[in-house]
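Inside the fold
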Amino acid sequence: MEFFNQLTANIDWVEIWLAGQDTLMMLAGSLVFTLVLGLPLGVLLFLTGKRQLLDQPAVYGVLSFLVNVLRSVPFVILLIIMIPFTVLIAGTSLGVAGAIPPLVVGATPFFARLVETALREVDRGIIEATQSMGASTRQIVFGALLPEALPGILAAITVTAITLVSYAAMSGVIGGGGLGDLAIRFGYQRFQTDVMVVTVILLLILVQILQMVGDRLVTHFSRK
């Protein structure tokens, strides 16, 4: 016990607890907005693709280009570039509120591509069978495409959530709060290795929990 106390002498567990809460709030808030924006974007990318229901090469080209541009920008650079925009819509570039806008902008195109890929894996015969019954595009999307692609979309949500954990940690570079901010301020800048180790372990545990829950959901809905 004494050895453990010496090993964690620099750790303020209250700070760890508060930072953990901030990380969870950043993850939850950014994931909700990412799903709300990324799911329709992914569906639109699929529908306007070649030989798909809407088949609009120009629209698909523009959307695909924007998605690729946003995906190619390193998240640390995106954090800095978006500071004026973040301050405009959130009132601050610091803390949980300041971290969510760049998290959403960084994760939405990533998630949209995963959704597009999941939809492309749906058997085309299902789409054609639904069309033959006179279903509209909306009915095909909500009645056939999304239900059939649900396991793939759930897997995409899991991957996106884990990516957001990584992004949330990186937001500590600009004072985004959470475990990443704690690791940088104390673990790196003050050379408190024990703080760094604890924050990394907590982030690893969070990722493992997300992956486990995601895998179970995918398995559950794949059986239906």
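A quick note: this is a predicted structure, and the numbers were derived from the prediction, not measured. Residue numbers restart at each chain and count upward from 1, following the sequence in its written direction. Per-residue local features are limited, in this predicted model, to residues with pLDDT of at least 70; the limit for side-chain atom pairs, both in listing and counting, is 80 or more; totals at the level of whole chains, interfaces and linings are taken over all residues. For the side-chain quantities, the full set of heavy atoms in the structure was used; hydrogens and water were omitted.

**Some details on the UniProt feature "transmembrane region" (unreviewed entry) in the protein**
UniProt positions are given in the numbering used here, feature names are shortened, and annotations may be inferred rather than shown by experiment. In the numbering used here, UniProt assigns the feature "transmembrane region" (unreviewed entry) to residues 24–47, 59–83, 89–112 and 195–214. Secondary structure is summarised from DSSP: a helix means a run of H or I of at least four residues, a strand means a run of E of at least two, and numbering begins at the N terminus for each. Secondary structure over residues 24–47 splits into 100% helix and 0% strand, and the C-alpha atoms at its two ends are 34 Å apart. Secondary structure over residues 89–112 splits into 83% helix and 0% strand, and the C-alpha atoms at its two ends are 23 Å apart.

**Thoughts on the pattern of salt bridges**
Criterion for a salt bridge: a side-chain nitrogen of Lys or Arg within 4 Å of a carboxyl oxygen of Asp or Glu. According to the stated counting rule, one finds 3 salt bridges in the structure shown. In this structure, the salt-bridge partner of E116 is R120, at a minimum N-O distance of 2.9 Å. Of the two residues, E116 and R120 both sit in helix α6 (residues 95–120), 4 residues apart, roughly one turn of that helix. Residue R124 is joined to E128 by a salt bridge in which the shortest nitrogen-to-oxygen separation is 3.7 Å. Here R124 and its partner E128 are both found in helix α7 (residues 124–132), 4 residues apart, which amounts to about one turn of the helix. Overall, R124 belongs to the partly exposed group, its relative accessible area being 35%. Burial classes: relative accessible area under 20% of the type maximum marks a residue as buried, over 50% as exposed, and values in between as partly exposed (1.4 Å probe, protein chains only). Take E128: its relative accessible area is 45%, and that puts it in the partly exposed class. What emerges from the salt-bridge pattern is a single network uniting R113, E116 and R120.

**Details of the nonpolar core**
We define a nonpolar core as any set of buried Ala, Val, Leu, Ile, Met, Phe, Trp, Tyr and Cys residues linked to one another through side-chain atoms lying within 4.5 Å. One finds M26, L27, F75, L103, L164 and L182 to be the most contacted residues of the largest nonpolar core, which totals 30 residues. Looking at this core, the elements with two or more residues in it are α2 (13–47), α4 (75–81), α6, α8 (137–170), α9 (178–188) and α10 (193–222). M26 has contacts with V96, A99, I100, L103, A168, S171, G176, G177 and G178, leaving out every residue within four places of it along the chain. Core analysis: the next-biggest nonpolar cluster, separate from the first, contains 16 residues, A118, I140, L145 and A156 among them. Contacts are residue-level and defined by heavy atoms, with any inter-residue pair within 4.5 Å sufficient.

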